[in-house]
Amino acid sequence: MMKRFIRVVMLLCVVAILLGVLSLKTIGAKAATASGNLSSATACGKWSVVPSPNASVSPDGLDAVAAVSNSNIWAVGGSGSQASGGQTLIEHWNGAQWQIVTSPSPGTDYNVLTGVVAISASNVWAVGWQGNLGIAGTLIEHWNGTQWSVVKSPNPASGGDELYSVSAVSATNIWAAGFMEKNTVNGPVGQTLVEHWNGTQWSVVKSLNLGSQANFSGVAAVSANDVWAVGFYANSKGIWLALTEHWNGAQWSIVKSPSPGLQINYLYSVTAVSANDVWAVGYADSQTLTEQWNGTHWSVVTSSGPGTVSNLLIGVAAASASSIWTVGSSEDSNFVFHTLTEQWNGTHWSVVTSPDPGSLFNQLLGVAAISPTNVWAVGHADSNTLIEHYHC
């Protein structure tokens, strides 16, 4: 599938992301307590590792995190091989520890969750994809306060459909974005995919496409008539360019955004402070890319990272206009991947030191900001789940 090709190409820049998208093995109805292989003590104004469990089949990774409150946080990802037998992985923070919570894995080949949004303690949504006979299909799961269950979602393309991100305006107005692969006489074509929940069912909402391939990986809702989706499209020369689209309450439209990289410009995540303050992050070639919408246009805001080979931003969350957090990874000259966290203080981006418990691959893929000094990030350390907390 073309989606697999796209992700493989991305992995040339960020090898460790593979572990983050591998689906997880479902464990039994009884939640497993956190393992003790990763440990640290929380310190004021610093990132620290919080022990998190792993499923029974390696590798394990977490892709996204969402908070209801200080003592009610959800993280989603996958466990096991995406090529065969991968399962969803969902973990919950109860204020004292992280535990695995049983979640469905309907796909016969693989299952993974890559996005999560928490509306209330009894209303949480997770999105991703499942594999059946080599074809990917959308996967949407819902927490009703007692259990996770699969909610039927459309699969409009014959070549496969995958969802990466989810955002909510309200309980009856939820958006999910991703990718679909259409089989044509000229071969498979990747296109953007947007789905919407109206309180009763999920349906496909037409979105626009540029170039020979296109993909959404992030979505953020400001209001019912103000939603953003970001990703990339490939032009006729094979250059990846940033893609930003906007929902005005009636239709999606393409909004011009900068692409400073020579070969690859990819916006991976988006978050909104207000209608006139929206942030998207990703990478341009092998360096960080942060862009801001000021109500009129998108512009690049300078950011950087410590990696000598690459610096990549994957997740972003807003605590306030003067406290935006983004996470990802940096690669050093020894080809070791380190966690990367950066904060916007209203004036500039700065790197905030974060732990690297893994020996080779450390990467943060999702972030949730409860407040400027209470932030959670998830990802993987080598083949284990990784959860870090910034608290003061």
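Bear in mind that the values here come from a model prediction, so they are computed numbers and not experimental data.

Spatially, 18-19-20-21 is the arrangement adopted by the four strands of the open sheet, whose pairing is antiparallel. The sheet is open, and its two edges are formed by strand 18 (265-274) and strand 21 (298-300), each paired on a single side. Averaged over all pairs of adjacent strands, the angle between their axes in this sheet comes to 25 degrees, without regard to strand direction. Bridging between strand 19 (residues 277-284) and strand 20 (residues 287-293) involves seven bridges; their strand directions are antiparallel. For Ala 284, the partnering residue across the bridge sits in strand 20 and is Gln 287.

For the rest of this paragraph, the subject is the sheet that holds strand 13 (residues 202-204). Strand order in this open sheet of four strands is 10-11-12-13, and the pairing throughout is antiparallel. Two strands in the sheet have a free side with no partner beyond their single neighbour: strand 10 (160-170) and strand 13. Put simply, the sheet's adjacent strands are angled 25 degrees from each other on average, direction ignored.

By the criterion of burial, strand 20 is predominantly enclosed, with six of the seven residues buried. What sits between strand 19 and strand 20 in their antiparallel hairpin is a turn of two residues, with Asp 285 showing a positive phi close to 55 degrees.

Cut-off values and rules
- Residues numbered from 1 in each chain as written.
- Predicted model: local features only at pLDDT ≥ 70, side-chain atom pairs only at ≥ 80, totals over all residues.
- Heavy atoms only, no water.
- Pairing = 2+ DSSP bridges.
- Helix = DSSP H or I, 4+ residues; strand = E, 2+ residues; numbered from the N terminus.
- Axes fitted to C-alpha atoms, helices over the stretch in contact; angles between N-to-C directions.
- Buried < 20%, exposed > 50% of the residue type's maximum accessible area, 1.4 Å probe, protein only.

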